[in-house]
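Fold and geometry: a report
The primary structure of each chain is shown beneath.
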Amino acid sequence: MLNDLAIEARGLTRYFDSRMVVSDFDLSIPRGSVTGLLGLNGAGKTTTLRILMGLLAPTRGESYLLGKNSQCLTPDDRARIGYTVEGHFLYGWMTVRQSEKFHRETFPRWNAGMFDATVRRFGIEPSQKIRHLSRGQKAGVSLALTMAAEPELLVLDDPALGLDPVSRLALNETLLDFCDGGTKTILLSSHLLDDVERVADRVAVMVHGRLVVNTTVDDFRSRVSSWAIEHSPATRGVESIPGLVHSRQLGGKTVVTLADCDQETEAALTRIGGATCERLPITFDEAVIAYLSRSRESHSFLSSNSKRGQERMALD
Amino acid sequence: MQIRISVGNPQSIYRQIADQIRRAVVTGELSVGEAIPSVRQLAKELVINPNTVAKAYGELTRDGVLEGQPGRGYIVANRKNIYTKTERLRRLDQVLDSLVSEAITLGFSGDELLERLSKRLEKLLPDQSLP
């Protein structure tokens with residue numbers, strides 16, 4: 001067990017009855033990194049986070065947080081890990097300050113300055129009643145409660161869900177502040193690709209319970225490329241291009257997104273598109289969406305060839 | 001200088017930062033010896049991951065645009081050519097190749113391209129006399 005890994009998962013698999021929700025999930029997250037866990041609703045993100053946190057047992061496989069087995073975390077281990085769940089459960093009748101007092105009882109360390117700074121960033125006064133807060137502000141309180149315990153590792157399940165732009169900014173600032181020293185680690189699931197591009201240095205993409213991308217944001221960007229091909233009878237052959245992530249129709253063209261475009265791939269592109277083949281600029285969100293869109297259609301027509309790109313991306 | 005970045009851009013954030021600093025150095029907006037914001041400071045200002053800024057500064061340091069000063073952060077480096085003449089020409093040709101082919105694709109003539117280029121140079125480097 002290497003010490004420089006904040007999170008390590010090996011072959012995590014979880015079935016609910018006969019339904020597989022997480023499958024053979026391997027993940028290594030180095031300390032000091034911010035990882036965005038992306039995937040469609042139902043891809044298995046929340047289940048994975050719950051297994052990592054030891055709140056759910058895996059059917060197979062094992063995972064470690066800060067070097068400790070997820071299924072045997074002691075209260076001391078848990079005090080070093082901050083975890084927020086989707087939806088932020090807080091008592092509406094408490095004030096923000098009462099909520100802090102209630103919470104701090106259960107933690108060995110408490111950074112009151114950090115709590116106040118975080119809630120203020122979300123425009124909250126400690127004297128306010130929880131029930132009068134907006135959804136974004138509740139998220140702020142929940143985050144402040146988690147951060148004030150000074151964890152070494154933050155596991156956040158969709159912290160940005162339903163936040164307004166100002167609260168999103170406050171969230172991003174809080175997360176970046178948290179990892180300022182370079183030793184603290186964050187794993188967060190999200191649907192906000194722009195925010196992930198900003199805040200994260202690593203990206204993990206889940207599709208149908210499998211981890212298909214796990215690398216740095218820059219590596220991901222440089223390995224995914226997008227090409228436009230004019231329609232011709234040969235275009236039907238795009239499904240056979242090595243490393244194909246996704247293809248879609250756009251006007252009179254077929255736009256293909258590829259992982260790890262090498263000589264073999266370029267040869268296949270030229271064979272199909274000929275001289276009309278044109279490389280397109282691709283943004284981070286387009287690259288992620290290509291992976292997620294493909295997953296939505298995978299039950300229909302894509303051949304097994306198209307999985308190759310995913311497997312190659314998953315190698316990291 | 002004010003560095004601005006946008007997300008959802010085909011250029012990665014680190015590339016946007018590196019390009020803007022390069023441009024500011026070339027145009028003289030940043031002068032030799034001038035300090036630029038620290039990694040932490042810029043990351044905070046732009047609300048981005050500090051590693052992204054560090055990567056941009058790392059590339060600029062490698063290319064001799066910036067210089068890391070122990071305890072003082074980064075300053076604009078004294079312009080020295082860290083590449084050999086051959087390497088500089090190779091790099092220039094690489095950029096020229098893509099410029100020329102893009103211009104041809106867009107249907108510009110050689111004269112139009114040259115005219116455009118010299119106008120651009122005059123704007124960016126007004127002090128240098130051009131033939």
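For the structure, see preceding data.
Everything in this summary refers to the structure shown in the same document. (Residues numbered from 1 in each chain as written. Chains lettered and ligands numbered in written order. Predicted model: local features only at pLDDT ≥ 70, side-chain atom pairs only at ≥ 80, totals over all residues. Heavy atoms only, no water.)

With respect to the interface of chain B and chain A
The parts lose accessible area when they come together, and the size of an interface is often stated as this lost area. Counted only if it meets this: Whether two residues touch is decided by their heavy atoms; if any such pair falls within 4.5 Å, the residues are in contact. Here's the idea: put two parts together, see how much 1.4 Å probe accessible area each one loses, and the total over both is what we call buried area. Every case where a carboxyl oxygen of Asp or Glu lies within 4 Å of a side-chain nitrogen of Lys or Arg is listed as a salt bridge. Here a polar contact means two N or O atoms within 3.5 Å. Within protein one must be a hydrogen donor candidate and the other an acceptor candidate, and residues neighboring in sequence count only if both atoms are side-chain atoms. Numbering of helices and strands starts at the N terminus; helices are DSSP runs of H or I of at least 4 residues and strands are runs of E of at least 2. Under the grouping applied here, Gly and all other residues not named as nonpolar or charged are polar, the nonpolar ones being Ala, Val, Leu, Ile, Met, Phe, Trp, Tyr, Cys and Pro and the charged ones Asp, Glu, Lys and Arg.
Contacts between chain B and chain A engage 18 residues on the former and 20 residues on the latter. When chain B packs against chain A, close to 1500 Å² is buried across both sides, 50% of that on carbon and sulfur atoms. In terms of surface lost to chain A, no three residues of chain B exceed Val7, Val47 and Asn49 of chain B, which account for 35% of the buried area on that side. Applying the counting rule to chain B against chain A returns three salt bridges. The closest approach of N and O atoms between Asp180 of chain A and Arg40 of chain B, which form a salt bridge, is 2.7 Å. Viewed at the interface, chain A and chain B are joined by 11 residue pairs in polar contact (both at pLDDT 80 or more). Where the side of chain B that touches chain A is concerned, the elements lending two or more residues are α1 (13–27), α2 (39–46) and α3 (50–62) of chain B. Split into classes, the residues belonging to the side of chain B that touches chain A amount to nine nonpolar, six polar and three charged.

Quick look at the packing of helix α3 (residues 96–104) of chain A against helix α4 (residues 112–121) of chain A
Residue and element names in this part refer to chain A. This is how the line gets drawn: Axis lines are fitted to C-alpha atoms, over the contacting stretch for helices. Their N-to-C directions set the angle, which ranges from 0 to 180 degrees. Handedness of a helix crossing follows the sense of rotation of the near helix relative to the far helix, less than a right angle counterclockwise being left-handed and clockwise being right-handed.
Put simply, α3 and α4 touch, their axes get as near as 12 Å, and they point 145° apart. Of the two possible hands of crossing, α3 and α4 adopt the one that is right-handed. On α4, the residues touching Val96, Arg97 and Glu100 of α3 are Ala112, Phe115, Asp116 and Val119.

So, the sheet that holds strand β1 (residues 5–16) of chain A
All names here are of chain A. Applicable threshold: The rule for pairing is simple: two strands pair if DSSP sees at least two bridges between them.
Taking strand neighbours across the sheet as the criterion, the four strands line up as β2-β1-β4-β5 in an open arrangement whose pairing is antiparallel. Where the open sheet ends on each side, the last strands, each with one partner, are β2 (19–30) and β5 (68–69). Note that strand β4 (residues 60–65) and β5 share two bridges and pair antiparallel. From the neighbouring strand, Tyr64 faces β5, where its bridge partner is Asn69. Each of β1, β2 and β4 touches helix α1 (residues 45–52); the most contacted strand, β1, lies at about 120° to it.

Focus on the side chain of Thr146 of chain A
All names here are of chain A. Put simply, the rule reads: Burial classes: relative accessible area under 20% of the type maximum marks a residue as buried, over 50% as exposed, and values in between as partly exposed (1.4 Å probe, protein chains only).
Note on placement: Thr146 falls in helix α5 (residues 135–148). Thr146 sits in the buried class, given a relative accessible area of 11%. Once residues within four sequence positions are removed from consideration, Thr146 is found in contact with Gly82, Tyr83, Thr84, Pro151 and Leu154.

As for the pattern of salt bridges
For the coordinates displayed, the defined rule picks out 26 salt bridges over all chains. Two residues, Arg31 of chain A and Glu152 of chain A, come together in a salt bridge whose shortest N-O distance is 3.6 Å. Highlighted residues: Arg31 of chain A in the loop between β2 and β3 (34–38) and Glu152 of chain A in the loop between α5 and β7 (153–156), separated in sequence by 121 residues. One continuous salt-bridge network, built from bridges that share partners, spans Arg15, Asp19, Arg22, Glu59 and Asp63 of chain B.

Overview of the packing of aromatic side chains
Using the following cut-off: Centres within 6.5 Å are what make two rings of Phe, Tyr or Trp a pair, Trp counting through its six-membered ring; a difference in plane orientation under 30 degrees is then read as stacked, over 60 as edge-to-face, and the rest as tilted.
One pass over the full model with this rule turns up seven aromatic pairs over all chains. Centroid distance Trp110 of chain A to Phe115 of chain A: 6.4 Å. Interplanar angle 35°. Geometry classified as tilted. Judged on exposure class, the residue Trp110 of chain A and its partner Phe115 of chain A are both buried. When the centroid spacing of 5.0 Å and the interplanar angle of 65° are considered together, the rings of Tyr57 of chain B and Tyr74 of chain B count as edge-to-face. Taken together, the residues Tyr57 of chain B in helix α3 and Tyr74 of chain B in strand β3 (residues 73–76) connect sequence positions 17 residues apart. Since its relative accessible area comes to 0%, Tyr57 of chain B is described here as buried. An aromatic cluster is built from Tyr91, Trp93 and Phe102 of chain A, whose rings are joined through pairwise contacts.

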